[in-house]
Amino acid sequence: MSLLPEPRYPSVPRLVTSARMLAAQQPGLCAFRQVGASRAGRPLHLLSVGRARRAVLVVSGAHANEPTGGSTLLSLAERVLYERGLRTGTSWHFLLCADPDGASLHRTPAPRSLLDYHLGFYRPVSAEQPEWSPSVLPPDRLPPETRTLTGLIDELRPYLQVTLHGTDLGGSWVQLTKDVPGLAEPFARSAARLRIPVETGASDAAGWPVSGPGVHVMPAADSRVPYPSLPDDARHSTWFHVHRYGGLTAVVEVPMWASDLVSDAAPHPAPAVALRQLARRLRRDAREVERVLAETGARLDLPDGPLLRAARWALELVPGLASDWTDLPPAGHSVAYVGSVDAFARRLPLRAASMLLRALRRTEDRAAPRLERLVTTWSDAFADRFQARWVPLDHQVEHQSRTVVATALRARERAG
């Protein structure tokens, strides 16, 4: 019997129930335990398959707004359990959700459109994200979710950590902390079979060395970052904690909605001009949200909860990021890169507006309808501009699972 959920993104309680059932089916091979607790006291659970010392650690739910990883994690756990070759000499460990507090606030289990997705949107500030907090906080202020994750790495010493991420709209790509030779070919083959575009110019990996189309290797610590205004730096995240044990991290990104515009590797005719235009639009859209925030703040005593805090944080990133795009040479020159930056420029004000709208909804304030019109208009424009098409959930899961397995097998050869 398959324990995969029906075609919707599973909640954390459903993930826990499915993982418990899987462990109960094969108690000789599986273990299920609580390994920590969140800031709000929610348990963090680990499902382990196999007993070998050589380990793979798979992490899902590090970003609350990227729900595919939970379904992928269950699919991978089933596959590892029933394919002996995957666990020969290797144990697999699955952290069910790295941020259950965040997951409880992002509420789009079965979005029908980008508007549905944004009406339930939540993504915490970087200091509250388990993987990113070490890049912005001193060690003595790290949240318990981060300490649990790094503690697991210290315990398991995995040769590979895989963290399951996703994007709302775009393509698929992989970020590696060390190169995994040969990964690009099976990654591209899987994406092609499932009609998922490979994002060849991901702004998240701008300027990084490329191992193959859509496969990016994080640069050395002394290299220049493409967006110096952004406070967080992947090289100081938990992704690099595994290096102290000789391992590496792979970040596997998969889209909910696909767009072929992010896979065009042809040179853009005028990337610097395009980035300046995108920076102007970003500033303009952010000002619209800031005006609503200022007006409502003057009328209402809004509590400084996670939604409002995250909305303000997204707006605070805008001035520096727009200046990066305007004042620095382009970090990429392809049509795909400019498309990826275009998507980034749409996301920040749209996410801020969405979270502010959720914070305002209970107040019945007169600004709420205006804000809802913005979220609706921007969501529809985002989908139209990128000709978005839904990627079936089973395709998202299959591609992410295939990529994880391909990475694990090739990294195992590399580790010896």
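Being a predicted model, the structure only gives us computed values, none of them experimental.

What follows is about the packing of helix H8 (residues 271-299) against helix H9 (residues 306-316). Where H8 meets H9, the closest approach of the two axes is 10 Å, and the angle between their N-to-C directions is 140°. One element, H8, and the other, H9, form an angle in the oblique class. Note that H8 runs across H9; the crossing there is left-handed. Taking contact as the criterion, the partners of Ala286, Val289, Glu290 and Leu293 in H8 are, on H9, Leu308, Arg312 and Leu315.

Let us now look at the packing of helix H1 (residues 12-25) against helix H2 (residues 68-82). Close contact between H1 and H2 brings their axes to 11 Å; oriented N to C, the two are set at 5°. For the element pair H1 / H2, the angle class is roughly parallel. Contacts between H1 and H2 involve Leu15, Ser18, Ala19, Leu22 and Gln25 on the former and, on the latter, Gly70, Leu74, Ala77, Glu78, Leu81 and Tyr82. Looking at side-chain class alone, the contact of H1 with H2 contains 7 nonpolar, 3 polar and 1 charged residues.

Attention now moves to the packing of aromatic side chains. The geometry of an aromatic ring pair comes down to the distance between the two centres and the angle between the two planes. The tally for this structure, following the rule as stated, stands at 8 aromatic pairs. Both rings, one in Tyr227 and one in Trp325, keep their centres 6.5 Å apart while their planes meet at 80°; by these two values the pair is edge-to-face. Linking Tyr227 in the loop between strand S8 (215-217) and strand S9 (248-258) with Trp325 in helix H10 (residues 318-327), this pair joins segments that are 98 residues apart in sequence. Of the residues examined, Trp325 reaches a relative accessible area of 2% and is grouped as buried. Here the aromatic cluster, defined as three or more aromatic residues joined through ring pairs, consists of Tyr117, Phe121, Trp257 and Trp390. In this arrangement the basic side chain of Arg385 is found over the ring face of Phe386, its NZ or CZ atom lying 5.5 Å from the centre.

Okay, the UniProt feature "coiled-coil region" (unreviewed entry) in the chain next. Using the residue numbers shown here, the UniProt feature "coiled-coil region" (unreviewed entry) corresponds to residues 272-299. As annotated, residues 272-299 has a helix share of 100% and a strand share of 0%, and its two end C-alpha atoms lie 41 Å apart.

All right, on to unusual backbone geometry then. Positive phi outside glycine occurs at Arg157, with the angle close to 50°. Of note in the backbone geometry, Gln387 takes a positive phi value of approximately 50° without being a glycine. Inspection of the secondary structure puts Gln387 in the loop between helix H12 (367-385) and strand S10 (389-390).

This next bit is on the environment of Leu22. Structurally, Leu22 is set in helix H1. By relative accessible area, which is 2% here, Leu22 ends up buried. When the C-alpha positions of Leu22 and Leu74 are compared, they lie 8.9 Å apart, and in sequence the two are 52 residues distant.

So, about H2. Taking 1.5 Å per residue, 15 residues should reach 21 Å; H2 reaches 22 Å between its end C-alpha atoms and fits that length. Summarising burial for H2: 13 of the 15 residues are buried, a large majority.

A complete count under the given rule lists 21 salt bridges for this structure. One continuous salt-bridge network, built from bridges that share partners, spans Arg39, Asp99, Glu128, Glu145 and Arg309.

Moving on, we get to the side chain of His45. Looking at where His45 falls in the secondary structure, it is placed in strand S2 (residues 43-49). With a relative accessible area of 8%, His45 lands in the buried category. Not counting residues within four places of it along the chain, the set of residues in contact with His45 comprises Val16, Arg20, Phe32, Arg33, Gln34, Val35, Phe94, Leu95 and Leu96.

Bringing the environment of Val404 into the picture now. Mapped onto the fold, Val404 is located in helix H13 (residues 393-415). Sequence separation of Val404 and Leu76 is 328 residues, and the distance between their C-alpha atoms is 8.4 Å. Those residues in contact with Val404 that lie beyond four places of it in its chain are Leu76, Trp92, Val162, Leu164 and Val252.

All right, on to the UniProt feature "domain: Peptidase M14" (unreviewed entry) in the chain then. Following the UniProt record, the feature "domain: Peptidase M14" (unreviewed entry) maps to residues 19-108 here. A helix fraction of 33% and a strand fraction of 28% characterise residues 19-108, whose end C-alpha atoms lie 22 Å from each other.

One finds Tyr227, Leu282, Leu321, Trp325, Leu348, Leu356 and Leu371 to be the most contacted residues of the largest nonpolar core, which totals 62 residues. At the level of secondary structure, the elements contributing two or more residues to this core comprise helix H5 (114-119), S9, H8, H9, H10, helix H11 (335-360), H12 and H13. For this core, the leading source of residues is H11, giving 14 residues. Leu22, Val58, Val80 and Val198 belong to the second largest nonpolar core, which has 46 residues in total.

Among the 11 residues in S9, 11 count as buried, and that is most of the element. Here 10 bridges tie strand S5 (residues 160-170) to S9, and the two strands are oriented parallel to one another. Within S9, the residue paired with Gly166 across the bridge is Val254. Sheet topology places strand S6 (residues 173-176) next to S9; 4 bridges connect them, and they run antiparallel. Paired with Val174 across the two strands is Val252, which belongs to S9. As judged from the 2 bridges shared by S9 and S10, these two strands associate in the antiparallel manner. By the bridge assignment, Ala258 is partnered in S10 with Arg389.

Criteria and thresholds
- Residues numbered from 1 in each chain as written.
- Predicted model: local features only at pLDDT ≥ 70, side-chain atom pairs only at ≥ 80, totals over all residues.
- Heavy atoms only, no water.
- Axes fitted to C-alpha atoms, helices over the stretch in contact; angles between N-to-C directions.
- Helix = DSSP H or I, 4+ residues; strand = E, 2+ residues; numbered from the N terminus.
- Parallel < 35°, antiparallel > 145°, perpendicular 65-115°, else oblique.
- Left-handed = near helix turned anticlockwise from the far one by under 90°.
- Contact = heavy atoms within 4.5 Å.
- Nonpolar A, V, L, I, M, F, W, Y, C, P; charged D, E, K, R; others polar.
- Phe/Tyr/Trp six-rings, centres within 6.5 Å; stacked < 30°, edge-to-face > 60°.
- Buried < 20%, exposed > 50% of the residue type's maximum accessible area, 1.4 Å probe, protein only.
- Lys NZ or Arg CZ within 6 Å of the ring centre and 35° of its normal.
- UniProt positions renumbered as here; feature names shortened; annotations may be inferred.
- Expected span 1.5 Å × (residues − 1).
- Salt bridge = Lys/Arg side-chain N within 4 Å of Asp/Glu carboxyl O.
- Core = buried A, V, L, I, M, F, W, Y, C linked by side-chain atoms within 4.5 Å.
- Pairing = 2+ DSSP bridges.

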